[in-house]
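What the coordinates show
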Amino acid sequence: QVQLVESGGGVVQTGGPLRLSCVASGSISSVNAMGWHRQVPGKQREMVAGITSGGSTLYADSVKGRFLISGNNANYTWYLQMNNLKPEDTAVYYCNAVRVVTRGADYSEVWGQGTLVTVSS
């Protein structure tokens, strides 16, 4: 069984930085891609940033130039460095892993439980 655990959420003032971490566990052989998403109550979950196993990245327009996604495929840990945070960045942030291959089974997609980021004005 694969598990993703996010950490690093909290309360930060407008303009401040925060770094989220996501650690995957579970006898993983490979992960095709990983992403960070966020959700505000009452709204749909949206993709914030993604990174492939080859290192290609993409970002939502709303975070380009402020957020940086990175990862360590050796230990399946990924990060989201968030800079110049704005109140509208307040949300629960989730990481997910796509096309996860393990010794026992393959998973099309796995999600973490989420971590809350609150940006105070």
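Just so it is clear, the model here is predicted, and its values are computed rather than measured.

Observations concerning the overall build of the chain
When helices and strands are counted, the chain shows zero helices and eleven strands. Put simply, the chain runs from its N terminus to its C terminus through helices and strands in the order β-β-β-β-β-β-β-β-β-β-β. Computed over its C-alpha atoms, the radius of gyration of the chain comes to 14 Å, within 12% of the 14 Å expected for a compact globule of 121 residues. Referenced to the eigenvectors of the C-alpha coordinate spread, the extents of the chain come out at roughly 45 × 25 × 20 Å. Buried residues in the chain amount to 40% of all 121 residues. Computed over 9 positive and 7 negative side-chain charges, the inter-centroid distance for the chain is 3 Å.

Considerations on the state of the cysteines
Taken as a whole and assessed by the stated rule, the structure comprises one disulfide. Each disulfide pairs two cysteine sulfurs, and for C22 the partner residue is C95, the sulfurs being separated by 2.1 Å. Taking the torsion about the sulfur-sulfur bond, which here is approximately 60°, the covalent link between C22 and C95 counts as right-handed. Taken together, the residues C22 in strand β3 (residues 18–25) and C95 in strand β9 (residues 91–102) connect sequence positions 73 residues apart.

Notes on the packing of aromatic side chains
All told, the structure shown has one aromatic pair when counted by the stated rule. Judged by centre distance (6.3 Å) and plane angle (50°), the ring pair of Y76 and W78 falls under tilted. Its guanidinium or amino end placed over the ring of Y94, R45 lies 3.7 Å from that ring's centre, counting from NZ or CZ. Across the ring face of W111, the terminal group of R45 is positioned such that the distance to the ring centre comes to 4.7 Å.

Considering the sheet that holds strand β7 (residues 67–72)
Within a sheet, each strand pairs with its neighbour through backbone hydrogen bonds, oriented either parallel or antiparallel. Taking strand neighbours across the sheet as the criterion, the four strands line up as β1-β3-β8-β7 in an open arrangement whose pairing is antiparallel. A single partner strand is all that each edge strand has here, and the edge strands are β1 (3–7) and β7. Looking at each pair of strands side by side, their axes are set apart by 15° on average, direction ignored. In this sheet, strand β8 (residues 77–82) lies alongside β7 in antiparallel orientation, the contact comprising six bridges. Residue pairing in the sheet places N72 in a bridge with T77 of β8.

Quick look at the pattern of salt bridges
Within this structure, the stated rule accounts for four salt bridges. One salt bridge in this structure joins E46 and R38, with 2.6 Å as the shortest N-O distance. The closest approach of N and O atoms between D89 and R66, which form a salt bridge, is 2.7 Å. Linking D89 in the loop between β8 and β9 with R66 in the loop between β6 (57–59) and β7, this pair joins segments that are 23 residues apart in sequence. If you follow the salt bridges from partner to partner, you end up with R38, E46, R66 and D89 in one network.

Conventions used here
Residues numbered from 1 in each chain as written. Predicted model: local features only at pLDDT ≥ 70, side-chain atom pairs only at ≥ 80, totals over all residues. Heavy atoms only, no water. Helix = DSSP H or I, 4+ residues; strand = E, 2+ residues; numbered from the N terminus. Rg over C-alpha atoms; globule rule 2.2 N^0.38 Å. Buried < 20%, exposed > 50% of the residue type's maximum accessible area, 1.4 Å probe, protein only. Lys, Arg positive; Asp, Glu negative; His and termini not counted. Charge placed at Lys NZ, Arg CZ, Asp CG, Glu CD. Disulfide = S-S within 2.5 Å. Phe/Tyr/Trp six-rings, centres within 6.5 Å; stacked < 30°, edge-to-face > 60°. Lys NZ or Arg CZ within 6 Å of the ring centre and 35° of its normal. Pairing = 2+ DSSP bridges. Axes fitted to C-alpha atoms, helices over the stretch in contact; angles between N-to-C directions. Salt bridge = Lys/Arg side-chain N within 4 Å of Asp/Glu carboxyl O.

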